Amino acid sequence: MALQGIRRIAPGIVQDPTINSGRPLIEGTRVFVDRIIGHLEHDMSMADICHEYDLTPEQVQAVKQLSAEQVQYVKGYADALENVVMR
């Protein structure tokens, strides 16, 4: 089922079907949430993430506040897109 417009996953986290097939983004940017999750899981500091992606601490905090289910959804969505592209 195709996404119909922008979907809010959590405060500051959205899916826009017009950007990379709806891969979850930090709102107002084109930064993919799954990348930030990966950096956080590998203990990259908030300051380094902010610098690397030109984000505010509040934007990174929005990713840190995702529930386990939301993180699983974001990572699963990104994985599914990569599997489609690789075929």
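Since the structure is predicted, the reported quantities are computational estimates derived from the model, not experimental observations. (Residues numbered from 1 in each chain as written. Predicted model: local features only at pLDDT ≥ 70, side-chain atom pairs only at ≥ 80, totals over all residues. Heavy atoms only, no water.)

1. Topic: the packing of helix α2 (residues 46-53) against helix α3 (residues 57-64)
Phase 1: Packing of α2 against α3 brings their axes to within 9 Å, and their N-to-C directions diverge by 115°. Crossing of α2 against α3: the hand is right-handed. Across the interface between the two elements, M46, I49 and C50 of α2 pack against P57, V60, Q61 and K64 of α3.
Phase 2: Residue classes in the contact of α2 with α3 are distributed as 5 nonpolar, 1 polar and 1 charged. (Axes fitted to C-alpha atoms, helices over the stretch in contact; angles between N-to-C directions. Helix = DSSP H or I, 4+ residues; strand = E, 2+ residues; numbered from the N terminus. Left-handed = near helix turned anticlockwise from the far one by under 90°. Contact = heavy atoms within 4.5 Å. Nonpolar A, V, L, I, M, F, W, Y, C, P; charged D, E, K, R; others polar.)

2. Considering the pairing of strand β1 (residues 7-10)
Put simply, side chains in a regular strand alternate between the two faces of the sheet.
Phase 1: Inspection of the sheet shows β1 paired to strand β2 (residues 13-15) by 3 bridges, in the antiparallel sense. Its bridge partner being in β2, R7 is matched across the sheet by Q15.
Phase 2: Here β1 folds back onto β2 in antiparallel fashion, the turn holding 2 residues, of which G12 has a positive phi close to 85°. (Pairing = 2+ DSSP bridges.)

3. Some thoughts on the sheet that holds β1
Phase 1: Pairing is antiparallel in the open sheet, where 3 strands are placed in the order β1-β2-β3. One side of each edge strand has no neighbouring strand; the edge strands of this open sheet are β1 and β3 (25-26).

4. A few points about the packing of helix α1 (residues 33-41) against α3
Phase 1: The interhelical angle for the contact between α1 and α3, taken along N-to-C directions, is 85°, at an axis separation of 10 Å. Judged by the inter-axis angle, α1 sits roughly perpendicular to α3. Packed against α1, whose contacting residues are V33, I36, I37 and L40, the element α3 presents V60, V63 and K64 at the interface.
Phase 2: Classifying every residue of the contact of α1 with α3 gives 6 nonpolar, no polar and 1 charged. (Parallel < 35°, antiparallel > 145°, perpendicular 65-115°, else oblique.)

5. Details of the nonpolar core
Phase 1: Judged by nonpolar contacts, the single largest core of 17 residues is most densely connected at I13, I26, V33, I36, V63 and L66.
Phase 2: Elements represented by at least two residues in this core include exactly β1, α1, α2, α3 and α4 (68-86).
Phase 3: Once you skip the residues sitting within four places of it in the chain, V63 turns out to touch I13, I26, V33, I36, I37 and L40. (Core = buried A, V, L, I, M, F, W, Y, C linked by side-chain atoms within 4.5 Å. Buried < 20%, exposed > 50% of the residue type's maximum accessible area, 1.4 Å probe, protein only.)

6. Comments concerning the packing of aromatic side chains
Phase 1: Going through the model one piece at a time under the given rule, you end up with 1 aromatic pair.
Phase 2: Arranged with centres 5.9 Å apart and planes meeting at 45°, the rings of Y73 and Y77 form a pair that is tilted. Of this pair, Y73 and Y77 both sit in helix α4, 4 residues apart, which is roughly one turn of that helix.
Phase 3: When its relative accessible area of 31% is taken as the criterion, Y73 is described as partly exposed. (Phe/Tyr/Trp six-rings, centres within 6.5 Å; stacked < 30°, edge-to-face > 60°.)

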